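# A closer look at the structure
Below are the chains, spelled out letter by letter.
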Amino acid sequence: MTAADSDRSAVDVPLFLNGEGMRGGRVHPHIAHHRFLGEARTAARYRFYAYESRFPALWPVDEGGVSVPGELVGLSLTAVRDEFMPVEPPELELGVVELTDGSAALAVLLRPDVHARGTGLVDISDYGGWRAYLEQR
């Protein structure tokens, strides 16, 4: 690895969290030492699912989407790879979402094959986020 490679891996990128990675969630301790950037919402271009009531999952749509609440954390791509993704469920994959202000952030999205199966998915888009879903179920 060159010095330039090391510098590139140290640049923080925004990661949108919408479930257990948020403050107080069971995944949060893995990334708690990274910079909290504040609360955020996705653009209204997503459906929001609970997978087997264990974790939430975003799914991009062309119509009928909602704005999903969450939090932003700034971390390096190396930290995304080494600290965050290893604790994420295998039904999710890394992607890029649009936020309400038009900016982009990394996020985990439902894998297409999992969405196509549909098994274990409950649409929770109208609950107002993961925490609200957990409180209401």
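Above this note sits the structure.
Counting from 1, residues in each chain are numbered in the order their sequence is written. It should be noted that, the model being predicted, local features are given only for residues of pLDDT at least 70 and side-chain atom pairs only at 80 or more, the latter also being counted only at that level, while totals for whole chains, interfaces and linings use all residues. Where side-chain values are given, they derive from all heavy atoms of the structure, hydrogens and water being excluded.

Helix and strand counts for the protein come out as 4 helices and 8 strands. When the helices and strands of the protein are placed in sequence order, the string is α-β-β-β-β-β-α-β-β-α-β-α. Across its three principal axes, the protein shows a C-alpha extent of roughly 45 × 30 × 30 Å. Partly exposed residues are those whose accessible area sits between 20% and 50% of the maximum for their type, while under 20% is buried and over 50% is exposed, using a 1.4 Å probe and protein chains only. Taking all 137 residues of the protein together, the buried fraction comes to 46%. Long-range pairs, those at least 24 residues apart, make up 66% of the contacts in the protein between residues at least 6 apart in sequence. Areas reported as accessible are Shrake-Rupley estimates using a 1.4 Å probe. Residue values count occlusion only from the protein chains shown. A total of about 7100 Å² of accessible surface is found on the protein, and carbon and sulfur atoms cover 51% of it. Note that His is not counted, nor are the chain ends; the positive residues are Lys and Arg, and the negative ones are Asp and Glu. Charge positions come from single atoms, namely NZ of Lys, CZ of Arg, CG of Asp or CD of Glu. The averaged location of the 20 negative side-chain charges in the protein is 3 Å from the averaged location of its 13 positive side-chain charges. Put simply, DSSP marks the helices as runs of H or I at least four residues long and the strands as runs of E at least two long, and each gets a number from the N terminus on. In this description, contact between two residues means that some pair of their heavy atoms is separated by no more than 4.5 Å.

Mapping G19 onto the fold places it in the loop between β1 (12–17) and β2 (35–41). Its relative accessible area of 9% is what places G19 among the buried residues. Each C-alpha atom of the pair G19 and G70 lies 7.5 Å from the other, and the pair is 51 residues apart in sequence. With near-sequence residues (within four places) excluded, G19 lies in contact with P56 and W130.

The residue P60 is located in strand β4 (residues 55–60) in this model. For the pair P60 and L75, spaced 15 residues apart in sequence, the C-alpha to C-alpha distance is 23 Å. Beyond its immediate sequence surroundings of up to four residues, P60 is in contact with R45 and Y46.

Let us now look at the nonpolar core. Buried residues of nine kinds, namely Ala, Val, Leu, Ile, Met, Phe, Trp, Tyr and Cys, make up a nonpolar core once their side-chain atoms join them within 4.5 Å. Membership of the largest hydrophobic core comes to 22 residues, with the highest contact counts inside it found for L15, L17, I31, L75, F84, L92 and L110. Residue assignment for this core shows that the elements contributing at least two residues are β1, β3 (46–51), β4, β5 (69–76), α2 (77–84) and β7 (104–110). Contact partners of L110, with chain neighbours within four places excluded, come to Y49, A57, L58, W59, E91, L92, E93, H115 and L121. Core analysis: the second largest hydrophobic core is formed by 17 residues, A40, F48, V97 and Y133 among them.

At E52, a residue that is not glycine, the phi angle is positive and equals roughly 50°. If you trace the backbone, E52 turns up in the loop between β3 and β4.

The next subject is the pairing of strand β6 (residues 92–98). Pairing between strands is defined by DSSP: at least two bridges between them are needed. Sheet analysis places β6 next to β7, joined by 7 bridges and oriented antiparallel. When the bridges of β7 are listed, E93 appears paired with L109.

Looking now at the pattern of salt bridges. For salt bridges, the criterion is a side-chain nitrogen of Lys or Arg within 4 Å of an Asp or Glu carboxyl oxygen. On inspection of all chains with the given rule, the structure shows 12 salt bridges. The partner of R35 in a salt bridge is D12, with the nearest N and O atoms 3.5 Å apart. Note that R35 is positioned in strand β2 and D12 in strand β1, a separation of 23 residues in sequence. In this structure, the salt-bridge partner of D113 is R117, at a minimum N-O distance of 3.7 Å. Placement of the pair is D113 and R117 together in helix α3 (residues 112–117), with a separation of 4 residues, close to one helical turn. D113 sits in the partly exposed class, given a relative accessible area of 34%. A residue is classified by how much of its surface remains accessible, and R117, at 48% relative accessible area, is partly exposed.

Geometric descriptors of this kind do not, in isolation, establish any biological role.
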